[in-house]
Amino acid sequence: MMKVIHALFTVYSIILFFALLLILGLFIVIPVSISPAGGKISFLFIRIWARIWSFGSGIRYEFHGHETIDRTQPYIYIFNHRSFLDAAIIPLAIPQQVRALGKKELSQIPFFGYVVGKVAIWVDRTDAASRKKSIARLVTFLNNGISAVVAPEGTRNDSDAPLLPFKLGAFRLAIETGIPIVPIAFIGADKIMKKGSLLISPGKVKIYYSKPIMPTKAASVEDLAEKCRSRLEAMILTHE
């Protein structure tokens, strides 16, 4: 019986996810399509969508350390990617307009791919030209004061390790632009949607913010990546 209830709850949560996206989709798409400045309005509605869906699905959030974020300063945010729920967590975790790198496969999800594509940059991670083009687009947004968010593991971590090896694109970008990196640890998201399962459960996600890590021209990309990885791994191990 509990399995049936769990499955029905998941179906309800998925329907709520897309129903809210349909209702609020135009309010997300139109402002950012008219003008880059309209992105602030779009993100207001993205957060409304994420909050209503989370509340309706019994998902609660705790935020720790977000007072270190200067909302007038663009950042490159990195996070541990352990759940499909990150699409809803990210707009609530980041108190700024932001552009995210997203896997090209997600763009194929009906309507979701279209709406999210207005504030995401789709990238084919197997194609070097696609990766290069996506990074160039992120540079444009960063130079206009809009933050970026990247999952440096490159894919969802379904292993028992705290983190997968990092890709270097975000750290090369930080050194080239001089923009600080903020590691964010999402704790508990993988309990709401467990590894190997499509079922969704109510629960709590704890979000921890590192102090910004400043890149330097003298540092190597590899050294900066390792510093950020060590910081994020320590946050995960401390709070899990």
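Residue indices follow the written sequence of each chain, beginning from 1 at its first position. A pLDDT threshold of at least 70 governs which residues receive local features in this predicted model, and a stricter bar of 80 or more applies before side-chain atom pairs are shown or counted, although totals over entire chains, interfaces and linings include all residues. Note that the side-chain values use all heavy atoms of the structure and ignore hydrogens as well as water.

## Things to note about the overall build of the protein chain
Our working definition: Strands are runs of DSSP state E lasting at least 2 residues, helices are runs of H or I lasting at least 4, and numbering of each runs from the N terminus. Atoms considered for the radius of gyration are the C-alpha atoms alone. The globule rule reads 2.2 Å times the number of residues to the power 0.38. We get accessible surface area from the Shrake-Rupley algorithm with a probe of 1.4 Å; when it comes to residues, only the shown protein chains can shield them. Positive: Lys, Arg. Negative: Asp, Glu. His and the chain ends are not part of the count. Think of each charge as sitting on NZ of Lys, CZ of Arg, CG of Asp or CD of Glu.
Scanning the protein chain for helices and strands turns up eight helices and seven strands. Here the C-alpha radius of gyration of the protein chain, 17 Å, is about what a compact globule of 240 residues would show, namely 18 Å. The dimensions of the protein chain, computed from C-alpha atoms along their principal axes, are 60 × 45 × 35 Å. In the form shown here, the protein chain has an accessible surface area of approximately 12100 Å², with 64% of it arising from carbon and sulfur atoms. Taken as two groups, the 29 positive and 17 negative side-chain charges of the protein chain have centres that lie 6 Å from each other.

## Some points on the nonpolar core
In a soluble, globular protein the nonpolar side chains are often hidden away together inside. The criterion, for reference: Throughout this description, the term nonpolar core refers to a set of buried Ala, Val, Leu, Ile, Met, Phe, Trp, Tyr and Cys residues connected via side-chain atoms within 4.5 Å. The buried label goes to any residue with under 20% of its type's maximum accessible area, the exposed label to any with over 50%, and the partly exposed label to all in between, with areas taken from a 1.4 Å probe on protein chains only. In this description, contact between two residues means that some pair of their heavy atoms is separated by no more than 4.5 Å.
Judged by nonpolar contacts, the single largest core of 43 residues is most densely connected at W53, I89, I184 and I207. Per-element accounting of this core gives the leading share, seven residues, to helix α1 (residues 2-34). Setting aside residues no more than four positions away along its own chain, I89 makes contact with Y61, F186, A189, V205 and I207. By size, the runner-up hydrophobic cluster in this structure holds 31 residues, among which are I121, I146, C228 and M235.

## Some remarks on the side chain of E153
As a reminder of what qualifies: We define a salt bridge as a contact between a side-chain nitrogen of Lys or Arg and a carboxyl oxygen of Asp or Glu at a distance within 4 Å. Identification of polar contacts relies on pairs of N or O atoms within 3.5 Å, with a donor-acceptor requirement for protein atoms, meaning one able to donate a hydrogen and the other able to accept it, and with residues adjacent in sequence counted only if both atoms are side-chain atoms.
Within the fold, E153 resides in the loop between β5 (147-150) and α6 (169-177). Buried E153, no salt bridge; nearest opposite-charge side chain is R82, N-O distance 5.9 Å. Reaching out from E153, the side chain makes a polar contact with the backbone nitrogen of H81 at a distance of 2.9 Å. Those residues in contact with E153 that sit more than four places away from it in its chain are F79, N80, H81, P162, L163, L164, P165, F166 and K167.

## Focus on the sheet that holds strand β6 (residues 181-187)
Spelled out, the test is: Paired strands, as defined in this entry, are two strands with at least two bridges between them according to DSSP. Each axis is a line fitted through C-alpha atoms, and for a helix only the stretch in contact is used; angles between axes span 0 to 180 degrees, taken between their N-to-C directions.
Taken in spatial order, the seven strands make up an open sheet running β1-β7-β6-β2-β5-β3-β4, and their pairing is mixed. With one partner strand each, in any of the chains shown, β1 (59-64) and β4 (120-123) form the two edges of the open sheet. Adjacent strand axes in the sheet meet at a mean angle of 25° when their direction is disregarded. Pairing geometry for strand β2 (residues 76-79) and β5, over three bridges, is parallel. Bridge pairing links I76 to A148 in β5.

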